[in-house]
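A structural walkthrough
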Amino acid sequence: MIKRIARIALISAGAVLLVMTLVMVWLKVHEDELVFAAAVSRQHLLSTLPANAELTAVPIAKSPDLASLVFRADADVDSGFWILQLHGNGDSAFSRWQVRHCEALRESGFNVLEIDY
């Protein structure tokens, strides 16, 4: 009985190890496309642009242009300062969270350029 339980435990541990190894190999093989997807814009996340945003493109030599959003502060609260908003790897310039963040900065008197890299 103990040998049977030990055999089942060993086979189970081997199966788990095999699955984990396959997952890690797949992640390693696909890491560039998972992490660095700059050629694919996520503009589709916004169905309509916010009223105070302009869609622009930042030209990059030998690469596709980077889509970006420009939020200009209202003239009565414009501080004259610009913020370059970089959203981080796990998000997009066109996500609701990032647009809300840029809107809050704009309402605080800052002009904001957010690029989707």
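You'll find the structure just up there.
1. Describing helix 1 (residues 2-29)
Here helix 1 spans 40 Å end to end across 28 residues, near enough to the 40 Å set by a 1.5 Å rise per residue. The element helix 1 is barely covered by neighbouring structure, given that only zero of its 28 residues are classed as buried.

2. A few points about the environment of F71
Here F71 is to be found in strand 2 (residues 66-71). For the pair formed by F71 and W82, sequence separation is 11 residues and the distance between their alpha carbons is 9.6 Å. With sequence-adjacent residues up to four places away left out, F71 is seen in contact with P50, N52, A53, V99, C102, E103, R106, F110, N111 and V112.

3. Brief notes about the nonpolar core
Residues L46, A53, A67, L69, F71, A93, F94, V99, C102, L105 and V112 constitute the largest nonpolar core, which totals 11 residues. For this core, the secondary structure elements donating two or more residues are strand 2 and helix 3 (96-107). Those residues in contact with L105 that lie beyond four places of it in its chain are I83, Q85, F110 and V112.

4. Points about the environment of D65
Along the chain, D65 falls in the loop between strand 1 (53-58) and strand 2. Spatially, the C-alpha atoms of D65 and D116 are 9.8 Å apart, while their sequence positions differ by 51 residues.

5. Examining the side chain of E103
You can see E103 is positioned in helix 3. With relative accessibility at 14%, the residue E103 sits in the buried group.

6. Side note on the sheet that holds strand 3 (residues 82-85)
The mixed open sheet is built from four strands, whose spatial order is 1-2-4-3. Looking at the sheet topology across the chains shown, the edges are occupied by strand 1 and strand 3. Sheet twist, expressed as the mean angle between neighbouring strand axes with direction ignored, is 25 degrees. Relative to strand 4 (residues 111-115), strand 3 is paired through four bridges, and the arrangement is parallel. The residue of strand 4 that forms the bridge with Q85 is E114.

7. Points about the pattern of salt bridges
Counted by the stated rule, this structure contains four salt bridges. The salt bridge involving R106 is made with D74; its shortest N-O contact spans 3.3 Å. One end of the pair, R106, is in helix 3; the other, D74, is in the loop between strand 2 and strand 3, with 32 residues separating them in the sequence. By relative accessible area, which is 39% here, D74 ends up partly exposed. Judged by its relative accessible area of 5%, R106 falls in the buried class. Each of D74, E103 and R106 takes part in a single network of salt bridges with overlapping partners.

8. Observations concerning the pairing of strand 2
Along strand 2, six of the six residues are buried, which leaves the element largely enclosed by surrounding structure. Burial along strand 2 is two-sided: L66, S68 and V70 facing one way and A67, L69 and F71 facing the other are all buried. Of the strand pairs in this sheet, strand 1 and strand 2 are connected by six bridges, and their pairing is antiparallel. Residue pairing across strands places T56 opposite S68, the latter belonging to strand 2.

Cut-offs and rules
Residues numbered from 1 in each chain as written. Predicted model: local features only at pLDDT ≥ 70, side-chain atom pairs only at ≥ 80, totals over all residues. Heavy atoms only, no water. Helix = DSSP H or I, 4+ residues; strand = E, 2+ residues; numbered from the N terminus. Expected span 1.5 Å × (residues − 1). Buried < 20%, exposed > 50% of the residue type's maximum accessible area, 1.4 Å probe, protein only. Contact = heavy atoms within 4.5 Å. Core = buried A, V, L, I, M, F, W, Y, C linked by side-chain atoms within 4.5 Å. Pairing = 2+ DSSP bridges. Axes fitted to C-alpha atoms, helices over the stretch in contact; angles between N-to-C directions. Salt bridge = Lys/Arg side-chain N within 4 Å of Asp/Glu carboxyl O.

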